Amino acid sequence: MTETKREARPLRSTAWFGHNDRDGFIHRSWMRNQGLPSHVFDGRPVIGICNTFSELTPCNAHFRGLADYVKRGIWEAGGLPLEFPVFSLGETNLRPTAMLFRNLASMDVEESIRGNPIDGVVLLAGCDKTTPALIMGAASCDLPAILLSGGPMLNGKLGGRDIGSGTSVWKFSEEVSAGKMTVESFMEAEACMSRSPGHCMTMGTASTMACVSEALGLTLPGNAAIPAVDSRRNVLAHLTGRRIVEMVREDLCPSDILVRDAFQNAARVVGAIGGSTNAVIHLLAIAGRIGTQHELSDWDTWGRGVPTLVDLMPSGRFLMEDFFYAGGLPAVLRDLGEHGLLQKDALTVNGQSIWESCREAPVHNRQVIREWDNPLHPEGGLVVLRGNLAPRGAVLKPSAATAELLVHRGRAVVFENIEDYKARIAAPDLDVDETSVLVLKNCGPKGYPGMPEVGNMGLPPKLLEKGVRDMVRLSDARMSGTAYGTVALHVAPEAAAGGPLALVEQGDLIELDVPSRKLHLDVSDEELARRAEQWSPPEPAMRGGYQSLYIEHVQQADLGADLDFLVGCRGAEVPRESH
Ligand code: FES
C-alpha cells in the first residue's frame with residue numbers, strides 16, 4: 001500500500017538536484033565542496049539528520065558520534081545523509097526555563113526541514129524538550145520521519161548504591177536542609193551521579209518522552225531504554241538510518257502514525273512506566289501539530305485501570321539501565337496488550353503494527369517490570385482534576401504522591417510568584433504546618449514566562465526538620481519528571497491569565513479529592529467575584545524579542561502550551577527558488 005503512495009509523488013529533493021540547468025548546477029556544485037561525487041545526486045533519497053548536539057546540552061553531547069552510525073545505515077540503504085544542527089535545549093543550563101524555547105526550537109526544526117532538499121528525516125533527541133520540539137516540527141511538515149533517542153546515562157553510583165538523576169538531588173537537598181546529610185556528602189554525590197554520556201537515567205521527562213516516542217510508533221522497537229554508551233545504541237542508530245530510506249520509498253509519514261490510537265497507547269504507557277506529567281503537555285502539542293483529535297480529558301479516561309508496572313525512580317526503586325536489562329518498553333507494551341490496554345493495530349515506523357513489534361517481547365526481571373497483579377501502583381494513570389480552582393483542568397501523578405494526601409483539605413499558604421516563595425519559604429515565622437496547602441501563582445506559560453518546573457516546591461525547612469516529607473502543593477507550573485510528591489500542576493487557566501488561582505488568599509480552605517477528580521477553593525462565588533474585580537495582571541517578567549511573542553501567543557497548558565500560530569500541519573510544499 002505504502003509503495004503505491006510513493007509512486008504517486010516524486011522525491012522532493014529532485015526539485016533541487018534533479019535538473020541539469022542553472023539552478024541544478026548551483027544546488028549540486030556548492031554541495032560538492034564537501035567531497036560528494038556526482039553520482040550521489042542520482043535521485044536517491046536525501047535524508048536529513050536533525051541533530052540537537054550541543055556541549056551546552058550535556059544529555060545530547062555525544063550526538064555527533066551517534067549521527068555517524070545513522071549515516072552508515074543511510075549510505076548502506078542507498079540514501080544520501082546530510083546532517084544539520086537545530087536549536088538544542090539543555091534542561092540544566094538554559095534559563096529562564098528550557099520549556100520557554102520548546103516552541104522556538106520546533107519552528108527551527110520545521111523550517112529547516114521544509115526549506116531544504118530533504119526527503120525524510122532522522123530526529124536525534126535526548127534531553128527533555130528536544131524530543132517534543134523535534135516531533136512537533138517534523139509533524140508540521142509531515143515528511144517521513146523517525147526518531148532516535150540518545151539513550152540514558154548509566155546508573156549513578158554513590159557508596160555502592162544506585163542514585164538517580166534529579167530524584168536523588170531533590171532527596172539529598174531535603175536531607176541537607178533537615179540536617180541529615182553533610183554538604184561534603186552532597187558534593188560527593190554530585191561527582192557520582194552523572195557517570196556517562198546520556199540523559200537522566202530516572203523515569204524523568206527525557207526517559208518518559210523516549211518511551212512515549214516508542215509507544216507512538218515513531219522509533220524502532222527498543223529505542224527508549226538502551227543506555228547511551230551501550231554498543232546496541234549504535235546498532236539501533238545504524239538500523240534507524242537504514243529504515244528511514246525505506247520509509248521515504250514507502251512514503252510512510254507522521255500522519256500515518258500519529259493517529260488517535262497512537263496517542264492512547266502513549267498515554268497508557270505513561271501510566272505503566274510511572275512517567276512524567278510533562279508528557280501531557282507535549283502530547284497535546286504534538287497532536288495539535290499533526291491535527292489529531294486529543295484533549296486533556298483523554299488522559300483521565302485512558303489512564304484509568306493502568307497499573308504502574310515499571311519500578312523506576314522517582315515513583316519506585318530502579319533506573320533506566322535496569323529497565324533495559326529487564327526488557328525495556330517492548331515488554332511493557334506486551335503486558336498492556338495482553339490485558340486489553342493497547343491499541344494493537346497502531347502502525348509504527350518499522351511498517352508493522354505495534355503489536356507485531358512487541359508481542360514476543362521477553363521480560364527478564366519482574367522486580368523492575370512488575371507482574372500485572374503486583375504493580376508498583378494499582379492506578380498509575382495521570383489524573384485530571386477540575387473544579388472552581390481549575391475550570392480547564394490540572395494534572396496530578398498519583399504514583400508519585402502520598403496516598404494519605406490524595407483526599408485532603410487544608411489552609412492555603414500563598415506565594416505570589418517564585419521570588420516570593422524563595423524569599424519566605426525558610427522564614428521561621430512562616431504560618432504553615434503539615435496540613436497546609438502550598439500555593440504558587442504566576443508560574444504558568446505566560447506568567448513566568450515559559451511554565452518552569454517549580455511546581456514541586458521544596459517544603460519549609462522547619463517542617464522538614466520535624467520529619468515532614470510531603471505536603472499538598474498546587475500551582476500553574478510544571479514539575480520535573482524526576483520529582484515526586486502530592487503536587488497538582490498545570491492549573492488552567494493560569495494565574496497570570498486571570499484564572500481562579502490568581503484569587504486564592506492566605507488561609508483560604510482548599511480541597512483536593514483525587515478519587516473524585518476535584519480541586520476546590522472553599523470561597524463563595526460572590527467573594528471570588530469581588531476579588532476578581534480588584535485583580536490586575538502582573539507585569540511580564542521579560543519584555544521584547546521572542547519572550548514578547550511567546551507571552552502574546554502561548555496557549556494554556558490544557559492545549560499543550562504551543563504558540564497559537566504554530567498549531568497545525570503546514571506540509572512540506574515550498575516555492576521553488578530561482579537564482
Ligand atoms: Fe537532560 Fe535530565 S537534564 S534529560
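The coordinates are above.
These remarks concern the structure in this document. In this text the structure is predicted, and so the values were computed from the model without any measurement. Numbers given to residues run from 1 along each chain, matching the order in which its sequence is written. Given that the model is predicted, a residue must reach a pLDDT of at least 70 before its local features are reported, and side-chain atom pairs must reach 80 or more before they are shown or counted; all residues, however, enter totals for whole chains, interfaces and linings. The side-chain quantities take in all heavy atoms of the structure and omit both hydrogens and water.

**Observations concerning the sheet that holds strand β2 (residues 80-85)**
To keep it simple, the criterion reads: Should DSSP find at least two bridges between two strands, the strands are regarded as paired. Secondary structure elements are taken from DSSP: a helix is a run of H or I of four residues or more, a strand is a run of E of two residues or more, and numbering for both begins at the N terminus. Every axis corresponds to a line fitted to the C-alpha atoms, with the helix fit spanning only the stretch in contact, and the corresponding angles, defined between N-to-C directions, vary from 0 to 180 degrees.
Spatially, the 4 strands line up as an open sheet ordered β2-β1-β3-β4, and their pairing is parallel. Two strands in the sheet have a free side with no partner beyond their single neighbour: β2 and β4 (145-149). Geometrically, the sheet is characterised by an average inter-axis angle of 20° between neighbouring strands, direction not taken into account. Of the strand pairs in this sheet, strand β1 (residues 46-51) and strand β3 (residues 120-125) are connected by 5 bridges, and their pairing is parallel. Looking at β3, one finds that Ile47 is bridged to Gly120.

**Description of the side chain of Ser399**
Put simply, the rule reads: Here's how the labels work: a residue is buried when its accessible area is under 20% of the maximum for its type, exposed when over 50%, partly exposed in between, all with a 1.4 Å probe on protein chains only. Contacts described as polar in this section are N or O atom pairs within 3.5 Å, which, within protein, must combine one atom able to donate a hydrogen with one able to accept it, while residues neighboring in sequence count only if both atoms come from side chains. Throughout, a residue-residue contact means that at least one pair of heavy atoms, one from each residue, lies within 4.5 Å.
Among the secondary structure elements, Ser399 is positioned in the loop between β8 (390-396) and β9 (407-415). Take Ser399: its relative accessible area is 11%, and that puts it in the buried class. Side chain to side chain, Ser399 and Ser315 meet in a polar contact 3.1 Å long. Not counting the four nearest positions on each side in its chain, Ser399 is found in contact with Gly274, Thr308, Ser315 and His377.

**Here's the deal with empty space enclosed by the protein**
Selection rule: Here a cavity is any set of points on a 1 Å grid over the protein atoms alone where a 1.4 Å probe fits but cannot get out, and a pocket is any open set with protein on both sides within 12 Å along at least 5 of 7 lines; a residue lines the site when it has an atom within 4 Å of a point. Grid points are joined across faces, edges and corners, and a volume is the space filled by probe spheres set on the points. Residue classes follow a fixed rule: Ala, Val, Leu, Ile, Met, Phe, Trp, Tyr, Cys and Pro count as nonpolar, while Asp, Glu, Lys and Arg count as charged, and any other residue, Gly among them, counts as polar.
Evaluation of the coordinates by the stated rule reveals 2 cavities of 30 Å³ or more. Approximately 80 Å³ is the volume found for the largest cavity. Around the largest cavity, the lining residues are Glu214, Gly217, Thr219, Pro221, Pro330, Leu333, Thr348, Ile354, Ser357 and Cys358. Secondary-structure elements contributing two or more residues to the lining of the largest cavity are α16 (328-338) and α17 (354-358). Here the element with the most residues in the lining of the largest cavity is α17; it accounts for 3 residues. Class assignment of the residues belonging to the lining of the largest cavity gives a composition of 5 nonpolar, 4 polar and 1 charged. When its volume is computed, the second largest cavity comes out at roughly 40 Å³. Contributing to the lining of the second largest cavity are Val280, Ile281, Leu296, Gly393, Ala394, Val395, His490, Ala492, Ala557 and Asp558. Of all elements in the fold, only α13 (278-290) and β8 reach the threshold of two or more residues within the lining of the second largest cavity.

**Comments concerning the pattern of salt bridges**
Rules: The salt bridge definition used is simple: a Lys or Arg side-chain nitrogen within 4 Å of an Asp or Glu carboxyl oxygen.
In the structure shown here, the tally under the stated rule is 39 salt bridges. We note a salt bridge from Lys441 to Glu416, for which the minimum N-O separation is 3.1 Å. Placement of Lys441 in the loop between β10 (437-440) and α19 (461-465) and of Glu416 in the loop between β9 and α18 (418-424) is noted, with a sequence separation of 25 residues between them. Close ionic contact of Arg424 with Asp420 constitutes a salt bridge, the shortest N to O distance being 2.8 Å. In this pair, Arg424 and Asp420 both sit in helix α18, 4 residues apart, roughly one turn of the helix. Exposure remark for Asp420: the relative accessible area of 17% places this residue in the buried category.

**Comments concerning helix α4 (residues 63-76)**
Here is the rule: A helix's residues, less one, multiplied by 1.5 Å, set its expected span.
End to end, α4 covers 20 Å across 14 residues, agreeing with the expected 20 Å (1.5 Å per residue, within 8%). Taken together, the buried residues of α4 touch β1, β2, β3, β4 and α10 (231-250). Once α4 finishes, Gly78 follows within two positions and takes phi at roughly 95°, a positive value.

**As for helix α3 (residues 22-31)**
Heads up, the rule is: The directions from the helix axis to the C-beta atoms are what the arc is built from.
Considered for burial, the residues of α3 that qualify are Asp23, Gly24, His27, Arg28 and Met31. Viewed along the axis of α3, the buried residues span an arc of 120°, placing them on a single side of the element. The outward face of α3, more than 90 degrees from its buried face, is lined by the exposed residues Arg22, Phe25 and Trp30. On the buried face of α3, the contacting elements are α2 (14-17) and β2.

**What to know about the packing of aromatic side chains**
Definition in use: Only the six-membered ring of Trp is used, alongside the rings of Phe and Tyr, when aromatic pairs are assigned; centres must lie within 6.5 Å, and planes under 30 degrees apart are stacked while those over 60 apart are edge-to-face, with the rest tilted.
As enumerated under the stated definition, the model contains 6 aromatic pairs in all. Ring geometry for Phe101 against Tyr546: centres 5.9 Å apart, planes inclined by 25°, an arrangement best described as stacked. Linking Phe101 in the loop between β2 and α5 (102-115) with Tyr546 in helix α21 (residues 545-553), this pair joins segments that are 445 residues apart in sequence. Each member of the pair, Phe101 as well as Tyr546, is classed as buried. Members of the aromatic cluster, each reached through a chain of ring pairs, are Phe87, Phe101, Tyr546 and Tyr550.

**Some remarks on the pairing of strand β7 (residues 383-387)**
The side chains of a regular strand alternate between the sheet's two faces. Pairing geometry for β7 and β8, over 4 bridges, is antiparallel. Among the inter-strand pairings, Val384 is bridged to a residue of β8, identified as Val395.

**Some remarks on the state of the cysteines**
Condition: Throughout, disulfides are identified as pairs of cysteine sulfur atoms within 2.5 Å of each other.
Going through the model one piece at a time under the given rule, you end up with 0 disulfides. Cys358 provides the cysteine sulfur closest to Cys211, a residue in no disulfide bond, and the two sulfurs are 13 Å apart.

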